[in-house]
Amino acid sequence: IAQKVKLPNGYSVVWAGQYENQVRANKRLLLLIPLALVINLIIIYLGIKNLRNASIIFSAIPIALAGGGILLWLGGFNTSVAVWVGFIALFGIASDDGVLMATYLDQSFAKNQPKTKSEVRQAVIQAGLKRIRPCLMTSATTLLALIPVMKSSGRGSDLMIPMAIPSFGGMLFALITLFVVPVLYSLNQELKLKKYEI
């Protein structure tokens, strides 16, 4: 309909208001989200000093992203700036359990110095058993802290709820990394052993 309206010379029609703000915010987010992911990987790498292990820990982020996306879909929420800010926060939180598990796995490998597949797996199981409780406590405190935010109905809840939902869903799914990180670490160590055997 807007195309059929004839305007006098010197006049034009432009979308303004919330739509204009959303378009501007989307352009910024296209830069900020990849930047947040790269910074996250760099910080993990600086803490571990091993790119392969850092990428194993980083594997928690796609899992958490899927969890956040599923909870948004189930809740019927549209993506907005608040939702993407929630995802950016999730990226930082999701790697916590992986870092916690990975540092203890590194210590376990350094202490035991496994030379066979069964020794590698035993070291992984020992490290996993000692770190599962702290990882669950970390995740549980995050999830419990988000419940009041998600149930809020006062001033600002229209922004806080969409921000909290990706983090909540992502942290639920990030619990899978308690198993993914040790398995990938074990696989990595077993591949190293094969390389030395050849």
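Quick caveat: nothing in here was measured; it's all calculated off a predicted structure.

Undergrad: Please provide a residue-by-residue account of unusual backbone geometry, values included.
TA: Even without a glycine there, the phi angle at Lys 49 is positive, about 65°. Considering the arrangement of structural elements, one finds Lys 49 in the loop between helix H1 (18-48) and helix H2 (51-58). Judged by relative accessible area, Lys 49 falls into the exposed class, the value being 61%.

Undergrad: Outline the packing of aromatic side chains, supporting the account with residue identities and numerical values.
TA: By the definition in use, this model includes one aromatic pair. With centroids separated by 5.3 Å and ring planes inclined at 40°, the aromatic side chains of Trp 84 and Phe 87 adopt a geometry described as tilted. With Trp 84 and Phe 87 both in helix H4 (residues 81-112) and three residues apart, this pair spans about one turn of that helix.

Undergrad: Can you tell me about the nonpolar core, naming the residues and giving the values?
TA: With 37 residues, the main nonpolar core has Leu 105 and Tyr 185 as its most contacted residues. Counting residues per element, the ones that place at least two in this core are H1, H2, helix H3 (60-75), H4, helix H5 (117-151), helix H6 (157-174) and helix H7 (177-197). A per-element tally of this core places H4 first, with nine residues. Beyond its immediate chain neighbours, meaning those up to four positions away, Leu 105 contacts Val 124, Ala 127, Val 181, Pro 182 and Tyr 185.

Undergrad: Describe the environment of Phe 87, naming the residues involved and giving the relevant values.
TA: The buried category is assigned to Phe 87, whose relative accessible area is 3%. Each C-alpha atom, one on Phe 87 and one on Ile 61, is 9.8 Å from the other, the two residues being 26 residues apart in sequence. Setting aside chain neighbours within four positions, we find Phe 87 in contact with Leu 65, Gly 68, Gly 69, Leu 72 and Pro 166.

Undergrad: Just give me the short version of a nonpolar patch on the surface, but keep the residues and values in it.
TA: Residues Ile 70, Trp 73, Leu 74, Leu 172, Phe 173 and Ile 176 make up a contiguous nonpolar surface patch of about 610 Å² in total accessible area. Those elements that provide at least two residues to the nonpolar patch are H3 and H6. For the nonpolar patch, the element with the most residues is H3, which contributes three residues.

What counts, and at which threshold
Residue indices begin from 1 for each chain and proceed along its sequence in written order. With pLDDT at 70 or above as the cut-off, local features in this predicted model cover only qualifying residues; side-chain atom pairs require 80 or more to be listed or tallied, and sums for whole chains, interfaces and linings still use all residues. Each side-chain value is worked out from all heavy atoms of the structure, with water and hydrogens disregarded. The way it works is that DSSP assigns letters per residue, a run of H or I at least four long becomes a helix, a run of E at least two long becomes a strand, and they are numbered from the N terminus. Partly exposed residues are those whose accessible area sits between 20% and 50% of the maximum for their type, while under 20% is buried and over 50% is exposed, using a 1.4 Å probe and protein chains only. We call Phe, Tyr and Trp rings a pair once their centres come within 6.5 Å, taking the six-membered ring for Trp, and we label the pair stacked below 30 degrees between planes, edge-to-face above 60, and tilted otherwise. Only buried residues count toward a nonpolar core. Its members are Ala, Val, Leu, Ile, Met, Phe, Trp, Tyr and Cys residues joined through side-chain atoms within 4.5 Å. Contacts were defined at the residue level, with two residues in contact if any of their heavy atoms lie within 4.5 Å. Patches were defined on residues exceeding 30% relative accessible area and lacking a salt bridge, with like-charge contacts within 9 Å and nonpolar side-chain contacts (Val, Leu, Ile, Met, Phe, Trp, Tyr) within 5 Å. In short, Shrake-Rupley with a 1.4 Å probe defines the accessible areas, and a residue's cover is counted only from the protein chains shown. Salt bridges are counted wherever a side-chain nitrogen of Lys or Arg sits within 4 Å of a carboxyl oxygen of Asp or Glu.

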